[in-house]
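Survey of secondary and tertiary structure
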Amino acid sequence: MTGIASKSQLRMSYLRFALFTVPLILLLGIVSGRIANSGYDNAWFAALVKPELMPPGWAFGVVWPILYILLGLSIAIILNARGARGRGLAVGLFAVQMLLNFAWSPVFFGMHQVRTALVIILAMLALSIVVAVLFMRIRPVAAYLMIPYIAWLSFAAILNYQVIQLNPDAETLVPSQGGADIIL
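Residues numbered from 1 in each chain as written. Predicted model: local features only at pLDDT ≥ 70, side-chain atom pairs only at ≥ 80, totals over all residues. Heavy atoms only, no water.

1. Side note on the overall build of the protein
- Each helix and strand counted, the protein has seven helices and zero strands in total.
- Secondary structure of the protein in N-to-C order comes out as α-α-α-α-α-α-α.
- Within the protein, contacts between residues at least 6 apart in sequence are counted, and of these 78% link residues at least 24 apart.
- On the protein, roughly 10600 Å² of surface is accessible, and the fraction owed to carbon and sulfur atoms is 69%. (Helix = DSSP H or I, 4+ residues; strand = E, 2+ residues; numbered from the N terminus. Contact = heavy atoms within 4.5 Å. Areas by Shrake-Rupley, 256 points an atom, 1.4 Å probe, with all protein chains shown as cover.)

2. Things to note about the packing of aromatic side chains
- Tallied over the full model, the rule gives 13 aromatic pairs.
- Their ring planes at 75° and their centres at 5.4 Å tell us that Trp44 and Phe108 sit as a pair that is edge-to-face. Here Phe108 lies in helix H4 (residues 87-110) and Trp44 lies in helix H2 (residues 43-47), a separation of 64 residues in the sequence.
- For Phe108, a relative accessible area of 2% translates into the label buried.
- Summarising the aromatic geometry, the rings of Trp104 and Phe109 are spaced 5.8 Å apart at their centres and angled 80° between planes, so their arrangement reads as edge-to-face. When sorted by exposure, Trp104 lands in the same class as Phe109, which is buried.
- Among the aromatic residues, those joined into a cluster by ring pairs are Tyr40, Trp44, Phe45, Trp104, Phe108 and Phe109.
- The ring of Phe45 is capped by Lys50, whose NZ or CZ atom sits 4.6 Å from the centre of that ring. (Phe/Tyr/Trp six-rings, centres within 6.5 Å; stacked < 30°, edge-to-face > 60°. Buried < 20%, exposed > 50% of the residue type's maximum accessible area, 1.4 Å probe, protein only. Lys NZ or Arg CZ within 6 Å of the ring centre and 35° of its normal.)

3. Focus on the packing of H4 against helix H5 (residues 114-138)
- Between H4 and H5, whose axes approach to 8 Å, the crossing angle comes to 155°. Here H4 is positioned roughly antiparallel relative to H5, judged by the angle of their axes. Once H4 is placed against H5, the crossing between them reads as left-handed. (Axes fitted to C-alpha atoms, helices over the stretch in contact; angles between N-to-C directions. Parallel < 35°, antiparallel > 145°, perpendicular 65-115°, else oblique. Left-handed = near helix turned anticlockwise from the far one by under 90°.)

4. Structural notes on unusual backbone geometry
- The phi dihedral of Asn37 falls on the positive side, at around 55°, and the residue is not glycine.
- Of note, Asn37 is situated in the loop between helix H1 (7-36) and H2.
- The class of Asn37 is partly exposed, set by a relative accessible area of 41%.
- The phi torsion at His112 lies on the positive side, around 60°, for a residue other than glycine.
- Summarising the element assignment, His112 is placed in the loop between H4 and H5.

5. Things to note about a nonpolar patch on the surface
- Judged by side-chain polarity, Met136, Val141, Tyr144 and Ile147 come together as a nonpolar surface patch covering roughly 380 Å² of accessible area.
- The topology assignment puts Tyr144 in helix H6 (residues 140-144).
- With relative accessibility at 49%, the residue Tyr144 sits in the partly exposed group. (Patch = residues over 30% accessible without salt bridge, like charges linked within 9 Å, V, L, I, M, F, W, Y side chains within 5 Å. Salt bridge = Lys/Arg side-chain N within 4 Å of Asp/Glu carboxyl O.)

6. Quick notes on the side chain of Asn101
- Its location among the elements puts Asn101 in helix H4.
- Look past the residues within four positions of Asn101 in its chain and what remains in contact with it is Trp64, Tyr68, Met124 and Tyr149.

7. A few points about the side chain of Ser105
- Secondary-structure assignment places Ser105 in helix H4.
- Ignoring sequence-local partners within four residues, the contact set of Ser105 consists of Ser32, Gly33, Ala36, Ser38 and Gly110.

8. Comments concerning the pattern of salt bridges
- This model, assessed by the stated rule, comprises one salt bridge.
- Residues Arg115 and Glu171 are paired through a salt bridge, measuring 3.7 Å at the closest nitrogen-oxygen approach. Within this pair, whereas Arg115 is found in helix H5, its partner Glu171 is found in the segment after helix H7 (147-166), the two being separated by 56 residues in sequence.
- Judged by its relative accessible area of 37%, Arg115 falls in the partly exposed class.

Structure (structure tokens):
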């Protein structure tokens, strides 16, 4: 037997990577959102004026898991490309952009730092494009799996920018507490 793996061995190797990367990215994404109390249930977010383009809350709950699955599959393909030129840099930059991804919700929803969140999402978008180019050189299908993510990040950056424009005081906004005050 030679040192070259069979197609079934390569598929199994990819599957092992995917069984690790997909749940990991999904879990970290969910934890990031939960820690930040992200979404329409967040009182601060509910008090903001929303852009006309803002999708309904359920859309985020559908889109992000799909994107995280695609990202998990994409990085699994690259991890499985042992010995590929540029693999280390591609994996490293992928990890950095994922750290930015997981930081965005706590910065935006938790700390209410909408301007900092915009910087983060723009950095995430730029890094994701670079990562997709690097992935394209290693395994094109891994780059193709990142296209929906890049498109969604572009849309999310526009929404983030519009939130800043519509809510210049967003960082200091304190939502009203719906109390039971009786005015006589």
